[in-house]
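# Report on the structure
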Amino acid sequence: MADVQRTIEGFILDSLLLGDETRLPEPSESLVESGVIDSTGILELIEFLEAEFEISVDEAETVPENLDGVANLVAYVGRKTAEDRESLAS
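What follows deals with the environment of I46. Along the chain, I46 turns up in helix α2 (residues 39-53). A C-alpha to C-alpha distance of 8.5 Å links I46 and L67, two positions 21 residues apart in sequence. Ignoring any residue separated from it by four or fewer positions in sequence, one finds I46 in contact with V57, T62 and L67.

If you want it as structure tokens, here you go:
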């Protein structure tokens, strides 16, 4: 999961913070409350997750528990990729 975290943090740093490492929040911090992401940024983030990790983010899954914070994102991607592997094995 460390690779997933680095990949997500890289996206946030490059696409949302324009390389400003000083603004990268701690993994447990809210991206919204820290001012890193807004509604447009969330859409960009979802597009990134779907393309990078080959997952589908359902509308019902677009909640803070999944998408607001690096730690939440890493856990969400882990769950989604595990679901995909399970459905392929069935």
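As a further point, take the pattern of salt bridges. Under the counting rule described, the total for this entry stands at 2 salt bridges. Across the salt bridge formed by R6 and D3, the nearest N and O atoms sit 2.4 Å from each other. With R6 and D3 both in helix α1 (residues 2-16) and 3 residues apart, the pair spans about one turn of that helix. You'll find R6 and D3 in the same group, each marked exposed. For E61, the salt bridge goes to K80, with nearest N and O atoms at 3.2 Å. Linking E61 in the loop between α2 and α3 (64-67) with K80 in helix α4 (residues 70-89), this pair joins segments that are 19 residues apart in sequence. When its relative accessible area of 16% is taken as the criterion, E61 is described as buried.

Here the phi dihedral of L18 falls at roughly 50 degrees; this positive angle occurs in a residue that is not glycine. Within the secondary structure, L18 is located in the loop between α1 and α2. Positioned with a positive phi, E54 is a non-glycine residue whose angle comes to about 55 degrees. Its location among the elements puts E54 in the loop between α2 and α3.

Below, the discussion takes up the side chain of N66. Here N66 lies in helix α3. At 2.6 Å, the side chain of N66 and the side chain of R79 are in polar contact. Dropping the residues within four chain positions of it, N66 is found in contact with E61, N72, L73, Y76 and R79.

Turning to the nonpolar core, a few remarks are in order. Within the largest apolar cluster, 23 residues are counted, with the highest numbers of intra-cluster contacts made by I8, I12, L49 and F53. Counting residues per element, the ones that place at least two in this core are α1, α2 and α4. It is α1 that provides the largest number of residues to this core, a total of 6 residues. Those residues in contact with I12, other than ones at most four positions away along the chain, are L17, L24, L31, V36 and V70.

Calculation criteria
- Residues numbered from 1 in each chain as written.
- Predicted model: local features only at pLDDT ≥ 70, side-chain atom pairs only at ≥ 80, totals over all residues.
- Heavy atoms only, no water.
- Helix = DSSP H or I, 4+ residues; strand = E, 2+ residues; numbered from the N terminus.
- Contact = heavy atoms within 4.5 Å.
- Salt bridge = Lys/Arg side-chain N within 4 Å of Asp/Glu carboxyl O.
- Buried < 20%, exposed > 50% of the residue type's maximum accessible area, 1.4 Å probe, protein only.
- Polar contact = N/O pair within 3.5 Å; in protein donor to acceptor, adjacent residues only side chain to side chain.
- Core = buried A, V, L, I, M, F, W, Y, C linked by side-chain atoms within 4.5 Å.

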